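The residues making up each chain are set out below.
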Amino acid sequence: MSDSRALYEEVILDHNKNPRNFRPLSPCDRQVEAFNPLCGDHFTVFLRLDGDRISEISFDGAGCAISKSSASVMTTLLKGKTIPEARAIFTRFHSMITSPPDTPIDETALGKLRVFTGVREFPIRIKCATLAWHAMSAAIDGRNDAITTE
Ligand code: ZN
């Protein structure tokens, strides 16, 4: 295991143990529930919008370490971002995580999300890592319901 791999794992475990913004948001403008039946991950993502900007974002629910830490990191990255910025970050994350494991990554562009690069080696975990992001994406598209990865 490389040093960076160990460090990345530590970040994931930390966000799993101490998830950031882990609470329902009330009142909120959008709320989307997301299920990943393959793993049992089940989260709700809450958004408060100020025009085009995500002024608050939070989540609650339960799931594996990858799904929970990814949701937690997502909330820390997207709070205060505009909707187009949030979409761009998700696109960057999604294309990294669905790329073959040996594809070089742009660490600077990915920022904190680089801790999830190891997930590429476990295709079944990709749905875990992107679950809350799909909920966020549905929420900024104006949906207020439930989504599932299946
Ligand atoms: Zn999972």
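Residues numbered from 1 in each chain as written. Predicted model: local features only at pLDDT ≥ 70, side-chain atom pairs only at ≥ 80, totals over all residues. Heavy atoms only, no water.

A. Layout of a nonpolar patch on the surface. Together, Leu38, Phe122 and Ile124 make up a nonpolar patch on the protein surface, roughly 330 Å² of accessible area in all. On the secondary structure map, isoleucine 124 appears in helix α5 (residues 123-140). (Patch = residues over 30% accessible without salt bridge, like charges linked within 9 Å, V, L, I, M, F, W, Y side chains within 5 Å. Areas by Shrake-Rupley, 256 points an atom, 1.4 Å probe, with all protein chains shown as cover. Salt bridge = Lys/Arg side-chain N within 4 Å of Asp/Glu carboxyl O. Helix = DSSP H or I, 4+ residues; strand = E, 2+ residues; numbered from the N terminus.)

B. Broad picture of the environment of glutamate 121. In this fold, glutamate 121 is placed in the loop between α4 (107-110) and α5. Note on glutamate 121: relative accessible area 38%, which makes it partly exposed. The spatial distance from the C-alpha of glutamate 121 to the C-alpha of asparagine 18 is 25 Å, given a sequence separation of 103 residues. In contact with glutamate 121, other than residues within four places in its own chain, are Arg5 and Pro101. A polar side-chain atom of glutamate 121 sits 2.9 Å from a polar atom in the side chain of arginine 5. (Buried < 20%, exposed > 50% of the residue type's maximum accessible area, 1.4 Å probe, protein only. Contact = heavy atoms within 4.5 Å. Polar contact = N/O pair within 3.5 Å; in protein donor to acceptor, adjacent residues only side chain to side chain.)

C. Main features of the sheet that holds strand β1 (residues 30-36). Spatial ordering of the open sheet is given by β3-β2-β1-β4, a layout of 4 strands whose pairing is mixed. Each edge of the sheet is formed by a strand with only one pairing partner; in this case those strands are β3 (53-62) and β4 (146-148). Looking at each pair of strands side by side, their axes are set apart by 20° on average, direction ignored. Relative to strand β2 (residues 41-50), β1 runs antiparallel, the two being bridged by 7 bridges. (Pairing = 2+ DSSP bridges. Axes fitted to C-alpha atoms, helices over the stretch in contact; angles between N-to-C directions.)

D. A look at helix α3 (residues 83-97). Between its terminal C-alpha atoms α3 stretches 21 Å, which fits the 21 Å expected from 15 residues at 1.5 Å a residue. Among all positions in α3, only Ile83, Ala86, Ile89, Phe90, Phe93, Met96 and Ile97 are buried. Seen along its axis, α3 keeps its buried residues to an arc of 155°; they face one direction. In this structure, the buried side of α3 is in contact with β2, β3, α2 (65-78), α4 and α5. (Expected span 1.5 Å × (residues − 1). Arc of directions from axis to C-beta.)

Shape is all these values report; function is a separate question.
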